[in-house]
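# Working through the structure, step by step
Spelled out from the first residue to the last, the chains are:
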Amino acid sequence: MSKYDDLVKTNSADLIEKLVAYVVSKDPVEVLFNFLDEDQWAIISMHQYEEDTEISLRLHLNDYYDLYIGYYDDEDEFFEIEHPLTAEEKDLLPEGLKKVMKRVLDDEKGMRLSGNFLSR
């Protein structure tokens, strides 16, 4: 088990809060739209280049949020972790962020805006 597996199992709320704090402190912030086959999502991300890691929050159709972590291990093998957010974890998200992510998903078009707008 990797340190990220353990973090998601024991401290997913802390990871979500850290990601949201990072995103709302940026200016500008990009909320992107992406898709793969039938799946579509709005996404905000934080990259930790020194650890070769991406931590993202994604909103899919039907109000389904997940925490995504993509990382490389010591042998340069790529791993992905997807953690569905609980109702309590969704409550950690600022309403402004939820609204913008929903709009990006509905419009199928990314947005760039001030981070403090998302924190409302």
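First things first, this report covers the structure right here in the doc. Everything numeric in this text was worked out from a predicted model, so none of it was measured. (Residues numbered from 1 in each chain as written. Predicted model: local features only at pLDDT ≥ 70, side-chain atom pairs only at ≥ 80, totals over all residues. Heavy atoms only, no water.)

Relative to strand E2 (residues 39-48), strand E1 (residues 29-36) runs antiparallel, the two being bridged by five bridges. The partner of Phe33 across the bridge, within E2, is Ala42. Where E1 hands over to E2, the hairpin turn is made up of two residues, of which Asp37 adopts a positive phi near 55°. Note that E2 and strand E3 (residues 53-60) share eight bridges and pair antiparallel. (Pairing = 2+ DSSP bridges. Helix = DSSP H or I, 4+ residues; strand = E, 2+ residues; numbered from the N terminus.)

Quantified by volume, the largest pocket comes out at close to 210 Å³. As for the largest pocket, its lining consists of 13 residues, and the residues nearest its centre are Lys26, Glu30, Ser45, Met46 and His47. Among the elements that line the lining of the largest pocket, the one with the most residues is E2, at five residues. Tallied by class, residues from the lining of the largest pocket come to nine nonpolar, two polar and two charged. (1 Å grid on protein atoms, 1.4 Å probe; cavity = no way out; pocket = protein on both sides within 12 Å on 5 of 7 lines; lining within 4 Å. Points joined across faces, edges and corners; volume = space filled by probe spheres on them. Nonpolar A, V, L, I, M, F, W, Y, C, P; charged D, E, K, R; others polar.)

A few words now on the packing of aromatic side chains. The way to describe two aromatic rings as a pair is by their centre distance and the angle between their planes. The final tally for this structure, using the stated rule, is three aromatic pairs. Centre to centre, the rings of Phe33 and Phe35 are 6.3 Å apart; their planes meet at 35°, and the pair counts as tilted. On the basis of an interplanar angle of 55° and a centroid distance of 5.0 Å, the ring pair of Tyr72 and Phe78 is categorised as tilted. With relative accessibility at 38%, the residue Tyr72 sits in the partly exposed group. Residue classification places Phe78 among the partly exposed residues on the basis of a relative accessible area of 39%. Residue placement shows Arg58 over the ring face of Trp41; its charged tip is 5.2 Å from the ring centre. (Phe/Tyr/Trp six-rings, centres within 6.5 Å; stacked < 30°, edge-to-face > 60°. Buried < 20%, exposed > 50% of the residue type's maximum accessible area, 1.4 Å probe, protein only. Lys NZ or Arg CZ within 6 Å of the ring centre and 35° of its normal.)

For the rest of this paragraph, the subject is the nonpolar core. By size, the foremost hydrophobic cluster in this structure holds 29 residues, and its most contacted members are Val31, Leu57, Ile69, Leu93, Leu97 and Met101. Those elements that provide at least two residues to this core are helix H1 (3-25), E1, E2, E3, strand E4 (64-72) and helix H3 (95-107). Per element, the largest residue contribution to this core is seven residues, and it comes from H1. The contacts of Val31, once residues within four sequence positions are left out, are Ala42, Ile43, Ile44, Val100, Met101, Val104, Gly110 and Met111. (Core = buried A, V, L, I, M, F, W, Y, C linked by side-chain atoms within 4.5 Å. Contact = heavy atoms within 4.5 Å.)

As a general point, the strands of a sheet are linked pairwise by backbone hydrogen bonds and lie either parallel or antiparallel. One open sheet holds the six strands; their spatial order is E5-E4-E3-E2-E1-E6, and the pairing between them is antiparallel. Whereas interior strands pair on both sides, the edge strands pair on one side only; in this sheet they are strand E5 (78-84) and strand E6 (111-113). Between one strand and the next, the sheet's axes are offset by a mean angle of 25°, whatever the strand orientation. As paired strands, E1 and E6 are joined by three bridges and run antiparallel to one another. When the sheet's bridge partners are listed, Glu30 is paired in E6 with Arg112. Together, E1, E2, E3, E4 and E5 form the strand contacts of H1, whose direction differs from that of E2 by roughly 85°. Each of E1, E2, E3, E4 and E6 touches H3; the most contacted strand, E2, lies at about 130° to it. (Axes fitted to C-alpha atoms, helices over the stretch in contact; angles between N-to-C directions.)

Any functional reading would require information beyond the geometric quantities listed.
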